[in-house]
Amino acid sequence: MSIRTRAAPSPTGDPHVGTAYMALFNWAFAKSQGGEFVLRIEDTDQARSSEASEARILAALNWLDLPWDEGPDIGGPHGPYRQSERTDTYRQYAQQLVDQGHAFHCFCTAERLDAMRAEQRAAGAPVGYDGRCLNLSGAEVSAKQAAGETSVVRMRVPSEGECRFRDELRGDIAIPCSQIDMQVLLKADGFPTYHLAVVVDDHLMGITHILRGEEWINSTPKHKLLFDYFGWPMPALAHLPLLRNPDQSKLSKRRNPTSIDYFRDVGYLPEALANYLALMGFSMPDEREIFSRAEFLQAFSLDRVSLGGPIFDFEKLNWVNGQHIRGLNADAFMDRLQDWAINRQRLAPLTPLIQTRTERFADIAAQVDYLLGDRRPLSEQDFTHKKLSRDQVVEVLFRTARACDALAEWRQDALLDLCKANAERMGLSLRDFLAPLFIAISGRPVALPLFDSMAFLGADITRVRLREALDALGLSNKQRKRLEKQIE
Ligand code: GLU
């Protein structure tokens, strides 16, 4: 049987480096054995998914050179590969489970479920659905539906016994059924939850092996029950450890850049990033740390995947990138530099900004230094302002950083709106509010227009610069906590 793996990203934000990590391992597992690698877009969360995010994920995986054999852009024999286009299929399978008594309609309202959970918490009991709608008769269900009551479909879970499955990296795992929640499978809007869609799709798409993040281990018992209810074999599973910050917390954009676009924009080579990501969960038989894609594929096997929580270490990544850059011949080096930023596509958004400010081409480098390269290091003195106190400067930067974290789409108008709203809340003029931001972003009191600069730099670089500015100002934990409370 041919090996088939998949990457299954949810298009709900920036293309995350964790997505690339999982895609790389799935790709390597399939390709090292002559198998196929499928890209499936898991966009069942209608509120959070966007086409723009999907396009960026595809571009990022292409940049990393992880080609898929089937996917939403190229189709394939098991399509469509976008879950929002497969809702009829999920509904049909949800109905099958209801008909066979493995799932049931649940009419409980959100208020009732909230109250139930609050009671369970107060009693120190495990939080989960209490089964109120479990035994509604067919006639009762029909009557409620006829009366226009909305319902979801939940899976049944045996009240006794345990659910067993095997993880290729961790061995056998057994979970008592009493710990498995009666998961919603189909929401009131007719869309499936991840749990139903993932099981149906992995089966219909012929996936043989699932390599995914360890955060999904707790969901696996539900998936195992569903595979059993449908009478389908469960693909082999391997849960890989999550990438972590140096303090062991989960890698998150609040603390570190996580978008693949960031790594591209600051000039990592895709093969170096892939090499580094490979090192996060895999080691070469000879412990060599610098290797090519072909060498990785040749040596890849699940036996060489380790379970230690991999720490994402930018210094190490820089070293790996430097090794790859120095390994290029001079022609390749010039080509790659051009691919990176000295090209029409990258310069196009800058042109309207710099052309009118340019008398000689020699003027250009000093204008765009902080856009194409790092911003100069900052100190507290850089933020001295004739009207704003240090605390106000800190608050401006802190508010902006927080608002940027929450911004769904990185657009100039949205950035302007968030600054206006926060300036108003602080009782400052927009001009005064923006002054510390100019310094934080460009390192200079006067630079190219701020929102154009932030838009060009992208969310991650902007966030990094705001965080570094707060560090330069010596933001203490106490002050951070106070500000967090204040702006809630
Ligand atoms: N859509 C899920 C995610 O974004 C995929 C989980 C899985 O691989 O089963 O992580």
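Reading the values: rules and limits
- Here the residue numbers are simple positions, counted from 1 along each chain's written sequence.
- For this predicted model, a pLDDT threshold of at least 70 governs which residues receive local features, and a threshold of 80 or more governs which side-chain atom pairs are given and counted, while totals over whole chains, interfaces and linings are taken from all residues.
- Side-chain numbers come from the whole structure's heavy atoms, not from hydrogens or water.
- Elements are defined by DSSP. Helices are runs of H or I of four residues or more, strands are runs of E of two residues or more, and each kind is numbered from the N terminus.
- Values of the radius of gyration come from C-alpha atoms, whereas the globule rule sets the reference at 2.2 Å times the count of residues to the power 0.38.
- For each residue, the accessible area found with a 1.4 Å probe, counting protein chains only, is set against the maximum for its type, and the residue is called buried under 20%, exposed over 50%, and partly exposed in between.
- Throughout, a residue-residue contact means that at least one pair of heavy atoms, one from each residue, lies within 4.5 Å.
- Residue exposure ignores everything except the shown protein chains as possible cover, and the areas themselves are Shrake-Rupley values with a 1.4 Å probe.
- Note on charges: Lys and Arg go in the positive column, Asp and Glu in the negative column, and His and the chain ends are not counted at all.
- Just so you know, the charge point we use is NZ for Lys, CZ for Arg, CG for Asp and CD for Glu.
- Any residue with at least one heavy atom within 4 Å of a molecule or strand is counted as near it.
- Each polar contact in these results corresponds to two N or O atoms within 3.5 Å; when the atoms are within protein, one needs to be able to donate a hydrogen and the other to accept it, and residues that are neighboring in sequence are counted only if both atoms are side-chain atoms.
- Three classes are used, and their members are as follows: Ala, Val, Leu, Ile, Met, Phe, Trp, Tyr, Cys and Pro are nonpolar, Asp, Glu, Lys and Arg are charged, and the others, Gly among them, are polar.
- Think of a salt bridge as a Lys or Arg side-chain nitrogen and an Asp or Glu carboxyl oxygen that are within 4 Å of each other.
- Two strands form a pair only when DSSP identifies at least two bridges running between them.
- Classification remark: right-handed applies to a crossover when, strands pointing away from the viewer, the course from the first strand over the helix to the second runs clockwise.
- Patch construction takes residues with relative accessible area above 30% that form no salt bridge. Like charges are linked within 9 Å, and nonpolar side chains (Val, Leu, Ile, Met, Phe, Trp, Tyr) are linked within 5 Å.
- Only centres within 6.5 Å qualify two rings of Phe, Tyr or Trp (six-membered ring in Trp) as a pair; their planes then separate them into stacked at under 30 degrees, edge-to-face at over 60, and tilted for everything else.

J.: Looking at this structure, I do not really get the overall build of the chain. What am I missing?
T.: The helix and strand tally for the chain stands at 20 helices and nine strands. A compact globule built from 488 residues would reach a C-alpha radius of gyration of about 23 Å, and the chain, at 26 Å, matches this within 12%. On the principal axes, the C-alpha backbone points of the chain span a range of 80 × 55 × 40 Å. Looking at the chain residue by residue over its 488 residues, the buried ones come to 49%. Of all intrachain contacts in the chain linking residues separated by at least 6 positions in sequence, the fraction that spans at least 24 positions is 75%. When the accessible area of the chain is evaluated, it comes to approximately 23600 Å², of which 50% is carbon and sulfur surface. The distance from the centre of the 59 positive side-chain charges to the centre of the 66 negative ones in the chain is 5 Å.

J.: Sorry if this is basic, but what is going on with the site of the ligand here?
T.: Around the ligand, the surrounding shell consists of Arg6, Ala8, Ser10, Glu42, Tyr194, Val198, Arg212 and Trp216. Taking Arg212, its side chain carries an N or O atom lying 3.0 Å from an oxygen atom of the ligand. The fraction of the free accessible surface of the ligand (300 Å²) that becomes covered by protein chains is 81%. Its residues assigned to classes, the shell around the ligand comprises four nonpolar, one polar and three charged.

J.: Where do I start with the pattern of salt bridges in this structure?
T.: Between side chains of opposite charge, a pair can form when the charged atoms approach closely. Taken as a whole and assessed by the stated rule, the structure comprises 46 salt bridges. With a closest N to O distance of 2.7 Å, Glu70 and Arg4 form a salt bridge. Of the two residues, Glu70 sits in the loop between helix H2 (51-63) and helix H3 (87-99) while Arg4 sits in strand E1 (residues 4-7), which places them 66 residues apart along the sequence. For Arg4, a relative accessible area of 8% corresponds to the buried category. Between Asp432 and Lys387 there is a salt bridge whose closest N-O contact spans 3.3 Å. Pair noted here: Asp432 is in helix H18 (residues 430-442) and Lys387 is in the loop between helix H15 (364-372) and helix H16 (390-406), with a separation of 45 residues, a long-range link. Within this structure, Asp14, Arg56, Asp261, Arg264, Asp265, Arg346, Arg402, Asp405, Asp460, Arg463 and Glu484 form a network of salt bridges that share partners.

J.: Would you take a moment to explain the side chain of Thr258 for this structure?
T.: Looking at the secondary structure, you find Thr258 in the loop between strand E9 (236-240) and helix H8 (260-265). A relative accessible area of 4% places Thr258 in the buried class.

J.: Is there a simple way to explain the environment of Ser252 in this structure?
T.: Here Ser252 shows up in the loop between E9 and H8. For Ser252, a relative accessible area of 26% corresponds to the partly exposed category. Sequence-wise, Ser252 and Ser2 are 250 residues apart; in three dimensions their C-alpha atoms are separated by 36 Å. Beyond its immediate stretch of four places on either side in the chain, Ser252 contacts Asn245 and Thr258.

J.: Looking at this model, I keep getting lost on the pairing of strand E8 (residues 209-213). Mind explaining?
T.: Regular strands place their side chains on alternate faces of the sheet. By the criterion of burial, E8 is predominantly enclosed, with five of the five residues buried. Inspection of the sheet shows E8 paired to E9 by five bridges, in the parallel sense. Pairing of His209 across the sheet is with Ala236, part of E9. Remark: the E8/helix H7 (residues 220-230)/E9 crossover connection has right-handed handedness.

J.: Sorry, what's going on with a nonpolar patch on the surface here?
T.: Nonpolar side chains collect at one region of the surface, where Phe333, Met334, Leu337 and Ile342 lie side by side and expose about 380 Å² of accessible area between them. Along the chain, the position of Met334 falls in helix H12 (residues 330-340).

J.: I tried to follow the packing of aromatic side chains on my own but got confused; where do I start?
T.: Each aromatic ring pair is specified by the distance between its two centres and by the angle formed by the two planes. A complete count under the given rule lists 19 aromatic pairs for this structure. An angle of 75 degrees between the planes, with centres 6.3 Å apart, marks the rings of Phe25 and Phe296 as edge-to-face. Of the two residues, Phe25 sits in helix H1 (residues 17-31) while Phe296 sits in helix H10 (residues 293-299), which places them 271 residues apart along the sequence. The burial state of Phe25 is the same as that of Phe296; both residues are buried. An angle of 65 degrees between the planes, with centres 5.1 Å apart, marks the rings of Phe312 and Phe314 as edge-to-face. We classify Phe312 as buried; its relative accessible area is 1%.

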